[in-house]
Amino acid sequence: MDSTVTPPAAIKGRGAASNPEGRFETIRHHAEDDGWRGVLLDEAAPRPPTCVTEERARSVITRNDSPDIAFEQAMNPYRGCEHGCIYCFARPSHSYLNLSPGLDFETKIRAKGNLAEVLRAELAKPGYVPKPINIGSNTDPYQPIEKKWRLTRAALEVLAESHHPCTIVTKNALVERDLDLLAAMAHERLVQVFVSVNSLDNHLAAKLEPRASAPHRRLKAVAALAAAGVPVGVLVAPIIPALNDKDMEAVLERAHEAGARCAGYTVLRLPWELKVLFREWLALHAPQRAEHVMSLVQQMNGGRDYDSDFRSRMRGQGVFAELLRKRFEVACRRHGFGRARELQLDASRFVPPRKPSPQGELF
């Protein structure tokens, strides 16, 4: 690194420490130390606030044809995620908005304000074939701004009204707010929830996932979902070698005790700009093991930081990846976990939603 460049500093409550340009930008910014940094060190630097912009979506259901992903349909109420998980594979998607995958991804968020309206219209289209919709495949539907915007709840209300099945992935205990809807949907086999827990170390989680619920709080959410009769699973994702892989068995044990009955895992993925951001995070928060972590990551990706091959991108390849696979399978057998895809949701009761009428419901 150029000695004249001031290295970034960690920002409390944020995962990224910088705002590198997206891969589509033609202008690059280069930081220089002008000599004033030392003088200003005693002044508290303002923390970047979260700014949410409403966008009007034209469609909200996306289709997936990737062979390594279990669902065919997905929906994401938000672009960007305030959780700020440094490892999030969705960060590079912010480049399509001419925003940075770094701090912009977790501070400049787009909310699809007309989500429920557009969802209703799409489900009502002639010839629509109901298949489970995954909510949260790209960004977390229960990230902190959901408390105010309530877009995820609005979508669930439309799905419940239509008897349409869905799956949810989250790492926020805010999912408990919607237990009334989820329990009723579960009674009709319309929903399955997956809670992501990749470590039991609160100190590490606070740096990796600064605004997500703490691991122990997510496990309480698992227990609350299970107690309400909602099928719930745990995702140990992502597993980062030499950083959180040691917790795999403990996470599975605690999740089973809480009521999870299926489990899955993925390994760290570093597409596009995420490679630079994660290396920067390692240098700030785990400098002593940064080289070792990246060495193992490369071993699992054919010698590169990331290999996009569908056959291996989720689980990795090589000796270390095989060891993770065996450890996971042994732990799952010990606790009697089923596979995440085993539960069959019921799409047979689907009823296309009716368009809202200014006269209301007369009958």
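By convention here, each chain's residues receive numbers from 1 onward along its written sequence. Where local features are concerned, this predicted model is filtered to residues with pLDDT of at least 70; where side-chain atom pairs are given and counted, the filter is 80 or more; whole-chain, interface and lining totals use all residues. In computing side-chain properties, one takes all heavy atoms of the structure into account and sets aside hydrogens as well as water.

**Q** Looking at this structure, I do not really get the pattern of salt bridges. What am I missing?
**A** When their charged atoms lie close together, side chains carrying opposite charge are able to pair. Salt bridge, as applied in this entry: a Lys or Arg side-chain nitrogen positioned within 4 Å of an Asp or Glu carboxyl oxygen. Enumeration over the complete set of coordinates arrives at 27 salt bridges. Note that Arg91 is salt-bridged to Glu106, the shortest N-O span being 2.7 Å. Separated by 15 residues along the polypeptide, Arg91 in the loop between strand E4 (78-79) and helix H1 (103-107) and Glu106 in helix H1 bring together distant segments of the chain. Three labels apply to residues, based on accessible area from a 1.4 Å probe with only protein chains included: buried if under 20% of the type maximum, exposed if over 50%, partly exposed otherwise in between. Classification of Arg91 by relative accessible area gives buried; the value is 0%. Across the salt bridge formed by Glu146 and Arg177, the nearest N and O atoms sit 2.7 Å from each other. Within this pair, whereas Glu146 is found in helix H3 (residues 146-149), its partner Arg177 is found in the loop between strand E7 (166-170) and helix H5 (179-187), the two being separated by 31 residues in sequence. Note on conventions: DSSP H or I runs of at least 4 residues are helices, E runs of at least 2 residues are strands, and numbering of each starts at the N terminus.

**Q** When you look at the sheet that holds strand E11 (residues 338-339) in this model, what are you seeing that I'm missing?
**A** What links the strands of a sheet is backbone hydrogen bonding, and the strands pair in either a parallel or an antiparallel sense. Paired strands are those between which DSSP finds at least two bridges. The strand order across the open sheet formed by eight strands is E2-E3-E6-E7-E8-E9-E10-E11, and the pairing between neighbours is mixed. Each having just a single partner strand, strand E2 (62-63) and E11 make up the two edges of the open sheet. Relative to strand E8 (residues 191-196), E7 is paired through five bridges, and the arrangement is parallel. Bridge pairing in E8 links Ile168 to Val193.

**Q** Is there a simple way to think about helix H11 (residues 319-335) in this case?
**A** One turn of an α-helix holds 3.6 residues; hence residues three or four places apart share an orientation. Working rule for helices: expected span equals 1.5 Å times residues minus one. Compared with the 24 Å implied by 1.5 Å per residue over 17 residues, the 25 Å span of H11 between its first and last C-alpha is a close match. Considered for burial, the residues of H11 that qualify are Phe320, Ala321, Leu324, Arg327, Phe328, Ala331, Cys332 and His335. Viewed end-on, H11 has its buried residues packed into an arc of 130 degrees, placing them on one side of the element. More than 90 degrees from the buried face of H11, the exposed residues found are Val319, Arg333 and Arg334. Within this analysis, the arc is defined by the directions that extend from the helix axis to the C-beta atoms.

**Q** Can you help me understand helix H7 (residues 215-227) in this one?
**A** Taking 1.5 Å per residue, 13 residues should reach 18 Å; H7 reaches 19 Å between its end C-alpha atoms and fits that length. Listed as buried for H7 are Pro215, Arg218, Leu219, Ala221, Val222 and Leu225. The arc enclosing the buried residues of H7, seen along the axis, measures out at 150 degrees, which places them on a common side. Exposed residues pointing more than 90 degrees away from the buried face of H7 are listed as Lys220 and Ala227. The first or second residue beyond H7 is Gly229, which carries a positive phi of 85 degrees.

**Q** I would appreciate a short explanation of the environment of Tyr96 in the present structure.
**A** With respect to the helices and strands, Tyr96 occurs in the loop between E4 and H1. Counting along the chain gives 72 residues from Tyr96 to Phe24, while the straight-line C-alpha distance between them is 7.7 Å.

**Q** When you look at the sheet that holds strand E5 (residues 108-112) in this model, what are you seeing that I'm missing?
**A** In spatial order, the strands read E1-E5-E4; together these three strands make up an open sheet with mixed pairing. Of all the strands in the sheet, just strand E1 (51-55) and E4 have a single pairing partner and so form its edges.

**Q** I'm lost on the environment of Ala70 in this one. Help?
**A** Tracing the backbone through its elements, the reader meets Ala70 in the loop between E2 and strand E3 (73-75). Along the primary structure Ala70 and Arg341 are separated by 271 residues, whereas in three dimensions their C-alpha atoms are 7.1 Å apart.

**Q** Would you mind showing me how to read the pairing of E7 here?
**A** Along a regular strand, successive side chains alternate from one face of the sheet to the other. Of all five residues in E7, four are buried; the element is thus mostly enclosed. Where strand E6 (residues 133-135) meets E7, three bridges bridge the pair, whose relative direction is parallel. Within E7, the position partnered with Asn134 by the bridge is Thr167. The handedness of a crossover follows from its direction of travel: if, with the strands pointing away from the viewer, the path from the first strand over the helix to the second runs clockwise, the crossover is right-handed. Running through H5, the crossover from E7 to the neighbouring parallel element E8 is right-handed.

**Q** What is the right way to look at the packing of aromatic side chains in this model?
**A** By convention, a stacked pair of Phe, Tyr or Trp rings (six-membered ring in the case of Trp) has centres within 6.5 Å and planes under 30 degrees apart, an edge-to-face pair has planes over 60 apart, and any other such pair is tilted. On inspection of all chains with the given rule, the structure shows three aromatic pairs. Residues Phe278 and Trp281 carry aromatic rings whose centres are separated by 6.0 Å and whose planes lie at 10 degrees to one another, so their mutual orientation is stacked. Placement of both Phe278 and Trp281 in helix H9 (residues 274-285) is noted, with a separation of three residues, approximately one turn of the helix. As far as burial versus exposure is concerned, Phe278 and Trp281 are alike and both buried. Directly above the aromatic system of Phe89 lies the positively charged group of Arg269, at a separation of 4.6 Å from the ring centroid. Whether a charge sits over a ring depends on NZ of Lys or CZ of Arg being within 6 Å of the ring centre and within 35 degrees of the ring normal. Its guanidinium or amino end placed over the ring of Tyr265, Arg315 lies 4.1 Å from that ring's centre, counting from NZ or CZ.

**Q** What should I look at first to understand the side chain of His94 in this one?
**A** The topology assignment puts His94 in the loop between E4 and H1. Its relative accessible area of 1% is what places His94 among the buried residues. N or O atoms within 3.5 Å of each other form a polar contact, as long as, within protein, one can give a hydrogen and the other can take it, and as long as residues adjacent in sequence are counted only when both atoms are side-chain atoms. Among the polar contacts made by the side chain of His94, one reaches the main-chain carbonyl oxygen of Lys108 at a distance of 2.8 Å. Every residue in contact with His94, bar those within four places of it in the chain, is listed here: Arg79, Gly80, Leu99, Ser100, Pro101, Asp104, Phe105 and Lys108. In what follows, a contact means two residues having at least one pair of non-hydrogen atoms within 4.5 Å.

**Q** What is the right way to read unusual backbone geometry from this model?
**A** Generally, phi is negative for residues other than glycine and the peptide bonds are trans, each holding for most cases. Cis geometry is found at the peptide bond from Ala237 to Pro238, where omega equals -10 degrees. With respect to the helices and strands, the residue Pro238 is situated in strand E9 (residues 232-239). Here Arg189, not a glycine, exhibits a phi torsion of approximately 55 degrees, which is positive. As for its placement among the helices and strands, Arg189 is situated in the loop between H5 and E8.

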